[in-house]
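Here's the letter readout for the chains.
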Amino acid sequence: MSERWTVGTVLAAANEYLSGRDLPGARLEAELLLAHSLELSRFDLYTQFDRPLSEAERTVYRGLLKERSTGRPLQHLTGTQAFRRLDLRMADGVFIPRPETELLVEAVLDRLGSQGGSAEVLEIGTGSGAICVSLAVEAPGTVVWSADISKSALTLAALNARAHGVEDRLNLVHGDLFSAVPAGKVFDVIVSNPPYVPAGEIDALAREVRDHEPRAALDGGPAGLDFYLRIISESRQWLKAGGLVAFEVGVGQASEVAAELSRAGFESVDVTRDYARIERIVTAVYRSA
Ligand code: SAM
Ligand code: GLN
């Protein structure tokens, strides 16, 4: 009887179960959860299609599928998320990085590349460390600072920094925006993917986001723009002349953020689109008077 359940047949059943619960990526998610619960890679699943599953293994897998079907994010169940070159650890209560944020890292790397050498970068809003750990790994000359108001985010980011061997070049600090950055320090780059969802729209987000992402990682105030306005108005005192500001923005926010940067005296304001052709990244250069 139990020989019926192999990697292959269990995956087919799991796919059907998740598809019936409104999860568009059902097959992929079924595979990632099974690989996780059997401690195999996804590739191993395909080479071990006829491997039988014990009753205990099936019970664990069923539990994961059930949790996933209630809207708990896949990344909280597997505890990992891929981001650029990194495999990052995830944890409940800390924002899961999104693919489009990889482009924000790209924008900063483009800039650091032309500058070469040992730049200093400040990130506002660390989360899991996706941006700051990637920058420290991919731009080995840089020293990165990153601030978050959430202690659990900083704990997770510290773990990710150690796992990727960059803890010596990453200073994680706890506080509201710039408040924990040593007074008088100036940076070559300030980068942020701040909370940018308009407060009134949070309830309409996918349940994975609405019910499982920390509200403090999403809520950008009435129009979603509060953090941009605060960061732009304070950033000049933290930037070297010729320094770069780089933001990720929400849908429809790029032109307002760009306009605010121009009003604040920034130059070379530039907007780039993401994979879905949405204006997503806004950068600008600070030229001091
Ligand atoms: N940088 C990560 C990423 O891209 O995956 C996390 C981005 S998440 C959208 C925004 C982060 O900003 C959250 O980790 C949140 O805790 C943090 N945050 C919210 N309010 C803050 C504040 N006043 N000062 C510093 N960080 C804040
Ligand atoms: N990208 C998130 C979403 O799912 C919002 C992230 C943010 O506020 N920076 O809407």
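Everything numeric in this text was worked out from a predicted model, so none of it was measured. (Residues numbered from 1 in each chain as written. Chains lettered and ligands numbered in written order. Predicted model: local features only at pLDDT ≥ 70, side-chain atom pairs only at ≥ 80, totals over all residues. Heavy atoms only, no water.)

## As for the pattern of salt bridges
Per the stated rule, a full pass over the model turns up 18 salt bridges. Note that Arg-27 and Glu-31 form a salt bridge whose closest N and O atoms lie 2.8 Å from each other. Note that Arg-27 and Glu-31 are positioned in helix α2 (residues 26-38) at a spacing of four residues, about one turn of the helix. Salt-bridge contacts for Glu-29 lead to Arg-68; the nearest nitrogen and oxygen are separated by 2.4 Å. Placement of Glu-29 in helix α2 and of Arg-68 in helix α4 (residues 55-69) is noted, with a sequence separation of 39 residues between them. (Salt bridge = Lys/Arg side-chain N within 4 Å of Asp/Glu carboxyl O. Helix = DSSP H or I, 4+ residues; strand = E, 2+ residues; numbered from the N terminus.)

## What to know about the site of ligand 1
Around ligand 1, 20 residues are found, and the nearest of them are Glu-123, Gly-125, Asp-148, Asp-176 and Leu-177. A distance of 2.9 Å separates a nitrogen atom of ligand 1 from a polar side-chain atom of Glu-123. Note that a nitrogen atom of ligand 1 is positioned 2.9 Å from one of the backbone N or O atoms of Leu-177. Protein contacts shield 96% of the accessible area of ligand 1, which totals 600 Å² for the unbound molecule. Broken down by class, the residue content of the shell around ligand 1 amounts to ten nonpolar, seven polar and three charged. (Near = heavy atom within 4 Å. Polar contact = N/O pair within 3.5 Å; in protein donor to acceptor, adjacent residues only side chain to side chain. Areas by Shrake-Rupley, 256 points an atom, 1.4 Å probe, with all protein chains shown as cover. Nonpolar A, V, L, I, M, F, W, Y, C, P; charged D, E, K, R; others polar.)

## What about the sheet that holds strand β3 (residues 120-124)?
In space, the seven strands of this open sheet follow the order β5-β4-β3-β6-β7-β9-β8, with mixed pairing throughout. Each end of this open sheet is capped by a strand with a single partner; those strands are β5 (170-174) and β8 (266-273). Across the sheet, the axes of successive neighbouring strands diverge by a mean angle of 15 degrees, strand direction being ignored. Alignment of β3 against strand β6 (residues 187-192), held across four bridges, turns out to be parallel. Within β6, the position partnered with Val-121 by the bridge is Val-189. Sitting on the sheet, helix α8 (residues 151-163) is in contact with β4 (143-148) and β5, with an inclination near 170 degrees to β5. Sheet strands in contact with helix α10 (residues 226-235) are β3, β6, β7 (239-248) and β8, and its direction is about 170 degrees off that of β7. (Pairing = 2+ DSSP bridges. Axes fitted to C-alpha atoms, helices over the stretch in contact; angles between N-to-C directions. Contact = heavy atoms within 4.5 Å.)

Purely geometric numbers; function is a separate question.
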